[in-house]
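Overview (structure and organization)
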Amino acid sequence: MLPPAGGAILRGLPASPGIVEGRARVLLLESQMDELQPGEILVVHTTDVGWTPLFLVAAGVVTELGGPLSHAAVVAREFGVPSVVNVAGATRTIRGGDVLRVDGDRGIVERVR
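The structure contained in this document is the topic of the report that follows. (Residues numbered from 1 in each chain as written. Predicted model: local features only at pLDDT ≥ 70, side-chain atom pairs only at ≥ 80, totals over all residues. Heavy atoms only, no water.)

Secondary structure assignment for the protein yields 2 helices and 8 strands. Its helices and strands in sequence order give the protein the pattern β-β-β-β-β-α-β-α-β-β, from N to C terminus. Over its C-alpha atoms the protein spans a radius of gyration of 12 Å, differing by no more than 12% from the 13 Å that the globule rule assigns to 113 residues. Projected onto its principal axes, the C-alpha positions of the protein cover 35 × 25 × 25 Å. Evaluated residue by residue, the protein yields a buried proportion of 50% over its 113 residues. For the protein, the proportion of contacts with a sequence separation of at least 24, taken over those separated by at least 6, is 49%. In the structure as shown, the protein presents an accessible area of about 5500 Å², 58% of it carried by carbon and sulfur atoms. Of the charged side chains in the protein, 10 are positive and 12 negative; the average position of the first set lies 8 Å away from that of the second. (Helix = DSSP H or I, 4+ residues; strand = E, 2+ residues; numbered from the N terminus. Rg over C-alpha atoms; globule rule 2.2 N^0.38 Å. Buried < 20%, exposed > 50% of the residue type's maximum accessible area, 1.4 Å probe, protein only. Contact = heavy atoms within 4.5 Å. Areas by Shrake-Rupley, 256 points an atom, 1.4 Å probe, with all protein chains shown as cover. Lys, Arg positive; Asp, Glu negative; His and termini not counted. Charge placed at Lys NZ, Arg CZ, Asp CG, Glu CD.)

Encoded structure:
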């Protein structure tokens, strides 16, 4: 387990286990999907089946909406991608390029740098 990094903390619901760090990629529109780079943390309002291919590229997933049975949670678990859902204001608080630690076990997203 990684130690606390002391950055800004956002809380949500644990959706898929694991801890990962990476640069945030905030996507607001489906037309932006091709901007996600391998190893980035996908930060979105919500997902549906159209977003599924991005789970193969993302190191982690953070959504503003969702619960344990939401699309993001189920697909993240299937692909083994750490994920936190129901993070209020994630797409407004997190900036693209922020380095995040996503703790899918505890439902915590932390800005580390």
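Here we come to the environment of Val61. Looking at the element boundaries, Val61 is found in strand β5 (residues 60-63). Those residues in contact with Val61, other than ones at most four positions away along the chain, are Ile41, Leu42, Phe55, Val81, Pro82, Ser83, Val84 and Val102.

Position of Thr52 relative to the elements: it lies in the loop between β4 (41-44) and β5. Those residues within four positions of Thr52 in sequence are excluded, and the remaining contacts are His71, Val75 and Phe79.

A separate point is the side chain of Glu40. Take Glu40: it is sitting in the loop between β3 (19-26) and β4. There is a polar contact of 2.8 Å between the side chain of Glu40 and the backbone nitrogen of Gln37. Dropping the residues within four chain positions of it, Glu40 is found in contact with Arg23, Arg25, Glu35, Ala58, Ala59 and Gly60. (Polar contact = N/O pair within 3.5 Å; in protein donor to acceptor, adjacent residues only side chain to side chain.)

Turning next to the sheet that holds strand β7 (residues 99-103). Pairing is mixed in the open sheet, where 8 strands are placed in the order β1-β8-β7-β3-β4-β5-β6-β2. Of all strands in the sheet, those bounded by a partner on one side alone are β1 (9-11) and β2 (13-16). Each strand of the sheet is rotated relative to its neighbour by a mean of 30°, with strand direction disregarded. (Pairing = 2+ DSSP bridges. Axes fitted to C-alpha atoms, helices over the stretch in contact; angles between N-to-C directions.)

Moving on to the nonpolar core. Grouped together as the largest cluster of nonpolar side chains are 17 residues, with contacts concentrated most on Leu27, Leu36, Leu42, Trp51, Leu54, Phe55 and Val61. Elements represented by at least two residues in this core include exactly β4 and α1 (71-79). Ranked by the residues each element gives to this core, the list is headed by α1, at 4 residues. Apart from the residues lying within four places of it in its own chain, the contact partners of Leu54 are Leu27, Met33, Leu36 and Leu42. Ala59, Ala90, Ile94 and Leu100 belong to the second-largest nonpolar core, a separate cluster that totals 15 residues. (Core = buried A, V, L, I, M, F, W, Y, C linked by side-chain atoms within 4.5 Å.)

The buried count for β7 comes to 5 of 5 residues, which makes it a mostly enclosed element. Here β7 shows two buried faces, one formed by Val99, Arg101 and Asp103 and the other by Leu100 and Val102. In this structure, β3 lies alongside β7, joined through 5 bridges in antiparallel fashion. In the strand pairing of β7, Arg23 is matched with Val99. Strand direction decides the pairing type here: β7 and strand β8 (residues 108-111), joined by 4 bridges, are antiparallel. Across the sheet, the residue bridging to Val102 is Val109, located in β8. Turn length for the β7-β8 hairpin, with the two strands adjacent in sequence and antiparallel, is 4 residues, and the turn residue Gly107 shows positive phi of about 75°.

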